[in-house]
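Each chain, written out:
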Amino acid sequence: MSGPVRALRVSFGALFASRDSDGLTAARRGRAGWRLGRALVAGLALVGALGCQQIPPGEDAIDAVELEGIPSLSQQEIEDGLSTRGTPKLFKLFRGVYEYETYDASALNKDLERIGRQLRRRGFYEAKVRAARLVRTEENHVRVEIVVDAGQRVFIGALQTEGLAALPFDAAERATRAIELKRSDPFDEDDYEKAQLDVANALADVGYAFVRVHGEANVDLSEHRADVMLRVTPGKRAVYGDITIEGLVEVPEGPLRDALQLEKGAQYSRSELESARSALFQLGAFSKVDIVPVTDEPDSG
């Protein structure tokens, strides 16, 4: 027996030339050199026009931040998340054009904590920051060096689901195919959380509007292994109830209902709702379109 979704609320708010051995034409070489020279001249002119930034009294400017021991897969991600940064240079040559990045001990400490958290999310649960050094390069200028021991990464051991066996075969198979986690893959918390969402979305596409997915990961550091369980509470299959449209101003409702292609009593589908929202937006009459399921979850009995 299907449970109804009580209502849906829709609101709007070529020429060829001979080449040198490395593939560059002489003309292109000349143009490239001329452009580089012009860029350098422009940079010097800009430095003169803007003037040099000054390091605040009593503070040290950061010339660079160097990370050692970070796994390559996390290097860029961690660098982008740091608040402690090297001072940028114009064209990577001219210093003092941009405002100086200055050393802040409390900000660095928070960055060290952030590095540890980020590595743990990638499965490096034994990661430790071994050193954070401040190297003076010249008066009022420092280089920050951070040394990390990432340790051994955790991999997925057992991978199980609970709650799918009682579903119709098509729904259970769809949910199972949605799980991209594999045994012996590196354990990544983003992938783990995504797997829970993917299972929920897969079931929501075939009528399970009230589905809940709860993940459990038991990490054994001695074995560097994470046993994963996805517990699924699907709820009852649902159908659409009344479909109301709000926020129309001088726009007839009929064509919008035709574009929605949703029928009261039809089986609920999350992806169908997203397609309907996209269809309304592509009409070009609205700056914003929201389709909100008004779900009254039926009793579990």
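Residues numbered from 1 in each chain as written. Predicted model: local features only at pLDDT ≥ 70, side-chain atom pairs only at ≥ 80, totals over all residues. Heavy atoms only, no water.

Novice: Describe the sheet that holds strand S6 (residues 212-220), with residues and values.
Specialist: In a beta sheet, neighbouring strands pair by backbone hydrogen bonds and run either parallel or antiparallel. Strand order in the open sheet formed by three strands is S5-S7-S6, with mixed pairing between adjacent strands. Of all the strands in the sheet, just strand S5 (155-162) and S6 have a single pairing partner and so form its edges. Across the sheet, the mean angle separating the axes of adjacent strands is 15 degrees when strand polarity is ignored. Of the pairings in the sheet, the one linking S5 to strand S7 (residues 225-233) comprises six bridges and is parallel in character. Counted as the bridge partner of Thr-161 is Leu-230 from S7. Across the sheet, helix H5 (residues 189-204) is in contact with S6 and S7; its angle to S6 comes to roughly 155 degrees. (Pairing = 2+ DSSP bridges. Helix = DSSP H or I, 4+ residues; strand = E, 2+ residues; numbered from the N terminus. Axes fitted to C-alpha atoms, helices over the stretch in contact; angles between N-to-C directions. Contact = heavy atoms within 4.5 Å.)

Novice: Provide a residue-level description of the packing of aromatic side chains, including the pertinent values.
Specialist: Applying the stated criterion to the full structure yields three aromatic pairs. Pairing Phe-187 with Tyr-192 gives two aromatic rings, centres 5.5 Å apart and planes at 50 degrees, and the pair type is tilted. Ring plane angle 55 degrees and centroid distance 6.0 Å describe the contact between Tyr-240 and Tyr-268, whose orientation is recorded as tilted. Of this pair, Tyr-240 sits in strand S8 (residues 238-246) while Tyr-268 sits in the loop between helix H6 (253-260) and helix H7 (270-281); the two residues are 28 residues apart in sequence, bridging distant segments of the chain. The buried category is assigned to Tyr-268, whose relative accessible area is 7%. An aromatic cluster of at least three residues, connected via ring pairs, comprises Tyr-125, Phe-187 and Tyr-192. (Phe/Tyr/Trp six-rings, centres within 6.5 Å; stacked < 30°, edge-to-face > 60°. Buried < 20%, exposed > 50% of the residue type's maximum accessible area, 1.4 Å probe, protein only.)

Novice: How would you summarise the side chain of Ser-269 if you had to cite specific residues and measurements?
Specialist: Mapped onto the secondary structure, Ser-269 falls in the loop between H6 and H7. What makes Ser-269 buried here is its relative accessible area of 9%. Within the local environment of Ser-269, its side chain forms a polar contact with the backbone oxygen of Asp-205, the two atoms lying 3.4 Å apart. Polar contacts involving the side chain of Ser-269 include one to the main-chain amide nitrogen of Glu-272, which spans 3.2 Å. (Polar contact = N/O pair within 3.5 Å; in protein donor to acceptor, adjacent residues only side chain to side chain.)

Novice: Requested: an account of the packing of helix H2 (residues 72-81) against helix H3 (residues 105-121), with residues and values cited.
Specialist: At a minimum axis distance of 10 Å, the contact between H2 and H3 shows a crossing angle of 145 degrees. With respect to the hand of their crossing, H2 and H3 are arranged in right-handed fashion. From H2, Ser-74, Glu-77, Ile-78 and Gly-81 reach across to H3, where they touch Asp-111, Arg-114, Ile-115, Gln-118 and Leu-119. The residue makeup of the contact of H2 with H3, split by class, is three nonpolar, three polar and three charged. (Left-handed = near helix turned anticlockwise from the far one by under 90°. Nonpolar A, V, L, I, M, F, W, Y, C, P; charged D, E, K, R; others polar.)

Novice: Which residues make up the packing of helix H4 (residues 169-177) against H5, and what are the values?
Specialist: At a minimum axis separation of 8 Å, H4 and H5 run at an interaxial angle of 150 degrees. Relative to H5, the element H4 is oriented roughly antiparallel. Where H4 crosses over H5, the handedness of that crossing is right-handed. Mapping the contact onto sequence places Ala-171, Arg-174 and Ala-175 in H4 and Val-199, Ala-202 and Leu-203 in H5. Looking at side-chain class alone, the contact of H4 with H5 contains five nonpolar, no polar and one charged residues. (Parallel < 35°, antiparallel > 145°, perpendicular 65-115°, else oblique.)

Novice: Account for the sheet that holds strand S2 (residues 61-68), naming residues and giving values.
Specialist: With respect to topology, three strands assemble into an open sheet ordered S2-S4-S3, the strand pairing being mixed. Both outer strands of the open sheet, S2 and strand S3 (128-138), are each paired with one neighbouring strand and no more. Strand-to-strand twist across the sheet, computed as the mean angle between neighbouring axes with direction ignored, equals 15 degrees. Across the face of the sheet, H3 comes into contact with S2, S3 and strand S4 (141-149) while running at roughly 30 degrees to S4.

Novice: Let's hear about the pattern of salt bridges: which residues, and what values?
Specialist: Counted under the stated rule, the structure contains 26 salt bridges. With its nearest N and O atoms 2.8 Å apart, the salt bridge here joins Asp-227 to Arg-225. Among the residues examined, Asp-227 registers a relative accessible area of 25% and is labelled partly exposed. Among the salt bridges present, the one from Asp-290 reaches Lys-288, with a minimum N-O distance of 3.6 Å. Asp-290 gets classed as partly exposed once you look at its relative accessible area, which sits at 29%. (Salt bridge = Lys/Arg side-chain N within 4 Å of Asp/Glu carboxyl O.)

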